[in-house]
Amino acid sequence: MSYNSEFRRSIDQRDDFWREQAEQIDWIEPPKTIWQPLDNGHGEWFPDGVMNTSDVALDANIRAGRGDQTALIYDSPVTNSQQTFTYNELRDEVARVAGALRDQNVGKGNRVIIYMPMIPQAAIAMLACARLGAIHSVVFGGFASHELAVRIDDAKPKALITASCGIEISRVIEYKPLVDKAIEEANHKPDTCVVYQRPQATATLQEGRDVEWNDMVANAQPADPVPVKSTDPLYILYTSGTTGKPKGVVRDNGGHAVALKYSMKLVYDADPGDVFWAASDVGWVVGHSYIVYAPLFNGCTTILYEGKPVKTPDSGAFWRVVQDHKVNMLFTAPTAFRAVRKEDPEADQLAKYDVSSLKRIFLAGERLDPPTYEWLKEHTGLPVLDHWWQTETGWAICCNPIGIEPMDTKPGSATVPSPGFNVQVVDPDGHQVAAGEQGQVAVKLPLPPSCLMTVWGDDERFQNSYLKTIPGFYTSGDGGFVDDDGYVFIMGRTDDVINVAGHRLSTGEMEEVVASHPAIAECCVVGAQDELKGQIPIGLVLMKDGATIDQDELEEELVEMVRDKIGAIACFRRAIVVERLPKTRSGKILRRVIRQIANGEEYNVPSTIDDPAILDEISSKFSQ
Ligand code: COA
Ligand code: AMP
C-alpha cells in the first residue's frame, strides 16, 4: 500500500477506511455507524460503539497472551529508582485503584483532576479513571496553584489525586500546599483529595477530605471495566488559547483508541513488544497519548521517565535510558536535544552507551530547527523524524508515514498529512494558496478520529475558536506552507500562543497577570526566539502616571507574580519599561512588529500605525 493510495482512501472512502481501523481494537459492542455529522459542523466517531479504554490498554493485551510482558518501566534518576510492571501487574493495580476510587463515590462521567509528578501512580490513576468511565483531567505539575484552581472550577472534579511532592533538578517541590491553596481559591470543592505520600516529603492531610493513596487502596476490591459509549469523554486536557482562560480539550474514548492504535504503525512503525519511550510529561498531550495510551493499546512496553535530558545527572541521561531498557523508539521535543547538544556538542556521552536497540528518533511539540535535526542525524546515524500535532488532535496531523511508505525527510518539514487529515494551506477566505506560499494551515472537515469533540462546558468557544474562522475547515492556529512535493512546513503560531521548551503557553494569560500589578497601566507580552527553549516571553510594560517604583524592582515583582500565578515553566524573566506601546490607529497593539523587533528581524512599518517613531524607541530598549 502506498502512502498516496492510503491517504486518498482515508478521505474518499472515509467510513470504510476507519471501519477497518476500528476492527483493530477490542469493542464490547462494535460500532455499526462509523461517522455521524452533528449540527455544529463537526461529527462523532463510532457513535453506537461500546468499549472501555482501560480494557483496550490492559485486559485486551492479557487476552492476547501478553500478560507477562513488561507494560511499563518507571525510571527515575532523581530518586535513583526503577520499577517495572507486567501487563498482568499493571491491570491488577489499575483495577484495585479503580475499585478504591469507586469506594470514594467516583463513577462514570465524574471528573477527577490528577496533579502528579512523573511516577507510575499518575498513569495508574489515569487508567483507573478510564476503567470506571470517569473523566480524568491531568494538570501538569509545573503549573502554580492559581492555574490548578482555574481548572478545578472549570472541570468541577469529584476527586483530586496528587502526591506529596515532585522532584526537580535541584529541589523537592511539595505539591500538597499548592493543592490546598488551589482548593481554597476555587469556588468548586472536590469531595475527596487522594494523596500519594513519597519518601522525599510528607503531606499533611486534612481531616474528612484527604485520604492517603495506600489507605484507600488497602482493602479495595478490583473494579471491572465499565462499558462506555465511544463518544463518552475519556479526558479533558487544558491547553492555552489566546485568552487567559485555558481551553478544556475533550477527547472521546472510541475514536481516541482507534486513531492512536493506527498511529503506532503509521507514524512510529511500532510493533507489539517494542520498547517505546516518549520523554515528556503526563501533564501534556504527548504524555497522554504516547507515554500512557498508545503504547499500551499497541502491546508495547512504555517508559515513564522522571528526569531531564541534562543534569539528572548529565547530558548522557537519554542515552543511558535507551541502553538500560533497550528502547526502540524515542520521542521527545527538540528543546530536549538542544539542551543535550549545548552541554555535549560533540556527543561524547553518546559513545559511552550501547544504543544499538534504537531504531529511530521522533520529534514534535515545536518547530524542529534544522541545526538540531542535523546534529542528531550526524551523531546517531538514525532516522530523525519530525511530526506536527496539537493537544486538540491527540496524534500527528503531519508525519513521515514510515509504517506505510517511508519518505525522504526535508529539514524543517513535518513531511506529509497523516491519512484522515485533509490539510490545506488557505487564505483568510478559505481559498487554497499556491505551493510555497504561506497561509493558515487548516484541515478540511471532518476531522479524523481522536480530535477534540468540543471545549469542556463551552461548545460556542469550540466553534468560534476552531470551526467558524474559516467555514468548512478546522483552523489550527499555525501558519505554514506546502512545497511543490506536497511537504508541509509549519512555521509557527499565528495567534498569541507561544511555545517555551515545548510547553504551550498563552501570552494573553501572562498579560493578565502583569496587568494586575498596581503600577502597570498597559502591557504586552510577546514570544522572542531563544536558542535553548525555542521561545521565551518578554513583557513590554507601561507604568501608570505617578507610579514611583524602581524599574528593576518592578521587573522582579512581575517575574515573581508570573511564577506565582502561572508557574516557573513560563520562564517569564524580562519586563521592559516603555513610554508608549506601538498601536494601530484603532488602538490594536502591533504584536507582530514587536516580536520582529525582539528577534532582531527586519520589519515593515505598518501603514496603520499611529506613530512610527515608537518603533525606534522600542528597538533601542531591546538592544540595551
Ligand atoms: N513541577 C514543578 N516545577 C517544574 C516542573 C514540574 N513538573 N517542570 C519544570 N518546572 C520548573 C523548573 O524547576 C524550572 O524552575 P526554575 O525557574 O526555578 O529553575 C522552571 O519550571 C523551568 O523549567 P524547564 O522548562 O524544565 O527548564 P529547565 O531550564 O529546568 O530545563 C530543559 C530546560 C530544556 C532541559 C527542559 O525544559 C526540558 O527537559 N524540556 C523538554 C520539554 C518537554 O519534554 N516538553 C514536553 C512536550 S513534548
Ligand atoms: P501542544 O498543543 O502543546 O502540543 O502544542 C501544539 C503546537 O506546538 C502547535 O500548534 C505548533 O505550534 C507546535 N508544534 C507542535 N509540533 C510541531 C512541529 N513538528 N513543528 C512545528 N510546530 C509544532
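Since we're looking at a predicted model, the values are computed, not measured. Throughout this description, residue numbers start from 1 for each chain and increase along the sequence as written. Chain letters start at A and ligand numbers start at 1, both assigned in the order the entries are written. With the structure being a predicted model, the display of local features is reserved for residues of pLDDT at least 70 and the display and counting of side-chain atom pairs for 80 or more, all residues being used for whole-chain, interface and lining totals. Think of the side-chain values as coming from all heavy atoms in the structure, minus any hydrogens and water.

A. View of the domain arrangement of the chain. Delimitation of the domains relies on an automatic or database domain assignment. Partitioning the chain into domains gives domain 1 (3-307 + 387-480) and domain 2 (501-623). Taking the mean C-alpha position of each, domain 1 and domain 2 sit 33 Å from one another. Residue contacts follow a heavy-atom distance rule, with two residues in contact if any of their heavy atoms lie within 4.5 Å. With 18 residues of domain 1 at the contact, the number on the domain 2 side is 14 residues. Buried area: the accessible surface (1.4 Å probe) lost by two parts on joining, summed over both. With both chains or domains summed, domain 1 and domain 2 bury close to 1300 Å², and 44% of this area falls on carbon and sulfur atoms. Any carboxyl oxygen of Asp or Glu that lies within 4 Å of a side-chain nitrogen of Lys or Arg is treated as forming a salt bridge with it. Where domain 1 touches domain 2, the interface holds two salt bridges. Its salt-bridge partner being R504, residue E392 comes within 2.9 Å of it at the nearest N-O pair. Nitrogen and oxygen atoms within 3.5 Å of one another constitute a polar contact, given that in protein one can donate a hydrogen and the other can accept it, and given that sequence-neighbouring residues count only through two side-chain atoms. For the pair domain 1 and domain 2, the interface holds four residue pairs in polar contact (both at pLDDT 80 or more). For this classification, Asp, Glu, Lys and Arg are treated as charged, while Ala, Val, Leu, Ile, Met, Phe, Trp, Tyr, Cys and Pro are nonpolar and the rest, including Gly, are polar. Its residues assigned to classes, the side of domain 1 that touches domain 2 comprises four nonpolar, ten polar and four charged.

B. Representation of the pairing of strand β5 (residues 81-86) in the model. In this scheme, strands are said to pair when DSSP sees at least two bridges between them. Numbering of helices and strands runs from the N terminus; a helix is a DSSP stretch of H or I covering at least four residues, while a strand is a stretch of E covering at least two. Of the strand pairs in this sheet, strand β4 (residues 70-76) and β5 are connected by six bridges, and their pairing is antiparallel. Bridging from a neighbouring strand, T70 pairs with T86 of β5. In this antiparallel pair of consecutive strands, β4 and β5, the connection spans four residues, and N80 shows a positive phi of 55°.

C. Inspection of the sheet that holds strand β18 (residues 329-332) at higher detail. Pairing in this open sheet of seven strands is mixed, and the strands run β5-β4-β17-β16-β18-β19-β20 from one edge to the other. The sheet terminates laterally at β5 and β20 (384-386), the two strands that pair on one side only. Along the sheet, successive strands turn relative to each other by an average axial angle of 20°, direction set aside. Across four bridges, β18 lies against strand β19 (residues 360-363) in parallel orientation. Directly across from T332, in β19, lies its bridge partner L363. Structural elements are reduced to axes, namely lines fitted to C-alpha atoms, with helices fitted over the stretch in contact, and the angle between N-to-C directions of any two is expressed from 0 to 180 degrees. Against the sheet, helix α11 (residues 317-325) touches β4, β5, β16 (275-278), β17 (301-305) and β18, its axis set at about 145° to β17. Against the sheet, helix α12 (residues 334-343) touches β18 and β19, its axis set at about 95° to β18.

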